[in-house]
Amino acid sequence: MPNRRFADGEVVMGRWPGSVLYYEVQVTSYDDVSHLYTVKYKDGTELALKESDIRSQSSFKHRKSQSSSSSPSRRSTSRSRSRSPGRPAKGRRRSSSQSREHKDDKKKTIQETNLALLVLGFLFKPSENNTRRYNGEPDSTEGNDTSCIILEQKLKPDLEIERVLEHYSLRPRKEEKKKEEIYSEKKVFESIKTIEKASSKTKELEFGGRIGTFMLIFFLPATVFYLLLMCKQEDPSLMNFPPPLPALESLWEARVFGVFLLWFFLQALFYLLPIGKVVEGLPLSNGRKLQYRINGFYAFILTAAAIGTLLYFQFELHYLYDHFMQFAVSAAAFSMGLSIYLYIRSLKASEEELAPGGNSGYFVYDFFTGHELNPRIGSFDLKYFCELRPGLIGWIVINLAMLLAEMKIHNQSMPSLSMILVNSFQLLYVVDALWNEEAILTTMDITHDGFGFMLAFGDLMWVPFVYSLQAFYLVGHPTAISWPVAAAITVLNCIGYYIFRSANSQKNNFRRNPADPKLAYLKFIPTATGKGLLVTGWWGFVRHPNYLGDIIMALAWSLPCGFNHILPYFYVIYFICLLVHREARDEHHCKQKYGLAWERYCQRVPYRIFPYIY
């Protein structure tokens, strides 16, 4: 294996792909497999370059000094010779031939540069900012595909060159030049293809890498089972020794698994109904936009009608409570089966269809994080469907089952005030998510993360069975609260919801249409990607105000359970840890994406989630 020539952090001169121009860059990393250097330009752009495209700064300074020290008299003599009328005709003809060759070389260089820039335009997704400048419109901050406009602009110099060539009648070498152009095009495309392939590989592994993700595949289901078993105990203190596991045959029941499958495919049927509008998601790496049908709220209404019909015919909905552990096992088994299917089908996906964060080349890591970005069966988007439908709506159905179970077990004609608060707060959260379903298309779950075990397990098991932990706890451990306390908890939940919803609305509206006159009061920092970073409103208060609202709401959901045990507050602790992890991931992603603009933003907005604290 050849030794690397440049060290990490070294400032060198890097050639821009497809051109002869060198710019000052900083070496950030080196890939031993592909032998490519990852370098960072001054505007924050990161590219993978071969060692032959990188030179030291000293070599450039040396050449510059040599050029400047060349004799002026020699240059003057050269000019006088070329202009001398006494030179023979043969010399003039040779000079004319050299001029033609010079023009041909110039044409070749310009075409290669234009071709490289054109391909880079497709590869790095030029922003709508550039589109508007070409069309004479004002600048914007929302990124969109401008490939057609770049194509039109890049072909104009070639047309001018054609006119020059026709004037000097250089057609005898047409076939030879055509071969050279085809070869140069192939060379540039191969270079761009190498850069794209190298840059698409996941280099920085999260969740502890291969070992960490392997352990999480077993640790996450075990955590859910432990929490559910503890809630069944008379004294659910986390300091107590974990209860013994039930017999394996009692954890599995074919009927329960059948009910789970029926629920999943019923939601799939609602998803396929031709109701609701169809919208486009954000541009993918190849510039294409996928279409999504927005009908999650309609699916919720249809589900509520179906549940109401079952209750009318006196179906025992607390069957969910009696077989809660078996439903959790069924969800875990289905999630694992779905994850295996997703990974197998991802092996046939093209490079551009793979997820940026799940393309490491390591089986366990890619299986956990998700190898394919948007797995679809026809128009049925598996990730988008699972993100909101089976788990989120199932969460509300489970809460309702816990409410009915509490009334039956404790012989109550009305549910307790604590149970009502938990059900109401979480119902508001789910209805809000379904009503604003389109907003999820701009989240990292959709735009960046692949669909693998992490999201499949999270959507189908973690959300419905962990998020309903407070309601499940209250069935076995009823907690009485007074009306003033209930009013104070309600105010706290409303504050958290207001921060969460208004912050997300500002972000989503600005991403969709930053030129909207209603958003004229918002100020932003422009970036090299064509997008803007908000520095007013909630996003000028802290960097992740939506996370702040989430944490406040999670606290309000747990307070009705009282303070006898910490178990109901597991969700709050988990949520804080999750959001801190997401915040760190977002920080790293934004720093790579926006470069110096992100550093300016961090100086302008110093607090991440909690104002004056963190």
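Residues numbered from 1 in each chain as written. Predicted model: local features only at pLDDT ≥ 70, side-chain atom pairs only at ≥ 80, totals over all residues. Heavy atoms only, no water.

Going by what an unreviewed UniProt entry lists, the protein is known as Delta(14)-sterol reductase LBR and is assigned to Fulmarus glacialis. According to the UniProt record, the Sequence similarities (unreviewed entry) comment for the protein reads "Belongs to the ERG4/ERG24 family." The record in UniProt for the protein states the following under Pathway (unreviewed entry): "Steroid biosynthesis; cholesterol biosynthesis." (UniProt positions renumbered as here; feature names shortened; annotations may be inferred.)

Of the regular secondary structure elements, the protein holds 22 helices and 11 strands. Looking at the protein as a whole, 47% of its 614 residues qualify as buried. Long-range contacts, defined as pairs at least 24 residues apart, comprise 72% of the intrachain contacts of the protein with a sequence gap of at least 6. (Helix = DSSP H or I, 4+ residues; strand = E, 2+ residues; numbered from the N terminus. Buried < 20%, exposed > 50% of the residue type's maximum accessible area, 1.4 Å probe, protein only. Contact = heavy atoms within 4.5 Å.)

Think of it this way: side chains of opposite charge can pair up when their charged atoms draw near. Enumeration according to the criterion identifies 8 salt bridges in this entry. A salt bridge links Arg376 to Asp381; its shortest N-O distance comes to 2.8 Å. Asp381 shares its class with Arg376; the two are buried. We note a salt bridge from Asp432 to Arg501, for which the minimum N-O separation is 2.7 Å. (Salt bridge = Lys/Arg side-chain N within 4 Å of Asp/Glu carboxyl O.)

The subject of this paragraph is the nonpolar core. With 113 residues, the main nonpolar core has Met402, Phe465 and Tyr467 as its most contacted residues. The element that contributes the greatest number of residues to this core is helix α14 (residues 382-409), accounting for 16 residues. Phe510, Leu519, Trp598 and Val605 belong to the second largest nonpolar core, which has 16 residues in total. (Core = buried A, V, L, I, M, F, W, Y, C linked by side-chain atoms within 4.5 Å.)

One ladder, built from 5 bridges, connects strand β1 (residues 11-15) with strand β2 (residues 22-31); its direction is antiparallel. Counterpart to Met13 in the pairing with β2 is Glu24. Of the strand pairs in this sheet, β2 and strand β3 (residues 36-41) are connected by 6 bridges, and their pairing is antiparallel. Within β3, the residue paired with Asp31 across the bridge is Leu36. Count of turn residues in the β2/β3 antiparallel hairpin: 4 residues, of which His35 carries a positive phi of about 55°. (Pairing = 2+ DSSP bridges.)

Moving on: the sheet that holds β1. Overall, antiparallel pairing links the 5 strands, which are arranged β4-β3-β2-β1-β5 in an open sheet. Strands with a single pairing partner mark the edges of an open sheet, and in this sheet they are β4 (46-50) and β5 (54-55). Strand direction decides the pairing type here: β3 and β4, joined by 5 bridges, are antiparallel. Paired with Thr38 across the strands is Ala48, a residue of β4.

On to the packing of aromatic side chains, then. For any pair of aromatic rings, the description rests on two quantities: the centre-to-centre distance and the angle between the ring planes. Overall, the coordinates contain 46 aromatic pairs when judged by the stated rule. Ring centres of Trp395 and Trp557 lie 5.8 Å apart, and the angle between their planes is 65°; on these two criteria the pair is classed as edge-to-face. One end of the pair, Trp395, is in helix α14; the other, Trp557, is in helix α20 (residues 545-558), and 162 residues separate them in sequence. Looking at Trp395, the relative accessible area reads 0%, which means it is buried. Relative to Tyr601, the ring of Trp598 has its centre 5.0 Å away and its plane inclined at 35°; by these criteria the two rings are tilted. Of this pair, Trp598 and Tyr601 both sit in helix α22 (residues 596-604), 3 residues apart, which is roughly one turn of that helix. Accessibility assignment for this pair places Trp598 and Tyr601 in one class, buried. It is Arg210 that lies over the ring of Tyr362; its NZ or CZ is 4.0 Å from the centre. Its end group placed over the ring of Tyr321, Lys232 keeps NZ or CZ at 4.4 Å from the ring centre. (Phe/Tyr/Trp six-rings, centres within 6.5 Å; stacked < 30°, edge-to-face > 60°. Lys NZ or Arg CZ within 6 Å of the ring centre and 35° of its normal.)

Its location among the elements puts Asn374 in the loop between α13 (363-369) and β8 (376-377). Under the relative-accessibility criterion, Asn374 is labelled buried at 13%.

Let us now look at a nonpolar patch on the surface. On the surface, Ile211, Phe214, Met215 and Phe218 cluster together into a nonpolar patch covering about 480 Å² of accessible area. Among the structural elements, Phe218 can be located in helix α7 (residues 209-231). By relative accessible area, Phe218 is classed as exposed at 53%. (Patch = residues over 30% accessible without salt bridge, like charges linked within 9 Å, V, L, I, M, F, W, Y side chains within 5 Å. Areas by Shrake-Rupley, 256 points an atom, 1.4 Å probe, with all protein chains shown as cover.)

Close contact between helix α10 (residues 296-312) and α14 brings their axes to 11 Å; oriented N to C, the two are set at 30°. Put simply, α10 runs roughly parallel to α14. Where α10 crosses over α14, the two elements pack in a sense that is right-handed. Taken together, the residues of α14 that come into contact with α10 (itself represented by Gly296, Ala299, Phe300, Thr303, Ile307 and Leu311) are Arg389, Ile393, Ile396, Val397, Leu400 and Leu404. (Axes fitted to C-alpha atoms, helices over the stretch in contact; angles between N-to-C directions. Parallel < 35°, antiparallel > 145°, perpendicular 65-115°, else oblique. Left-handed = near helix turned anticlockwise from the far one by under 90°.)

Overall, the prediction assigns the protein a mean pLDDT of 78, with 77% of residues at 70 or greater. Within the model, the stretch residues 112-172 combines pLDDT values under 50 with 98 contacts to residues more than four positions away or in other chains. (pLDDT = per-residue confidence, 0-100.)

Positive phi values are uncommon outside glycine, yet Phe207 reaches one of about 55°. Here Phe207 shows up in the loop between α6 (174-200) and α7.

Attention shifts here to the pairing of strand β7 (residues 291-294). Burial along β7 is one-sided: the residues Tyr292 and Ile294 are buried and none of Gln291 and Arg293 is. One ladder, built from 4 bridges, connects strand β6 (residues 277-280) with β7; its direction is antiparallel. Of the residues in β7, the one forming a bridge with Val278 is Arg293.

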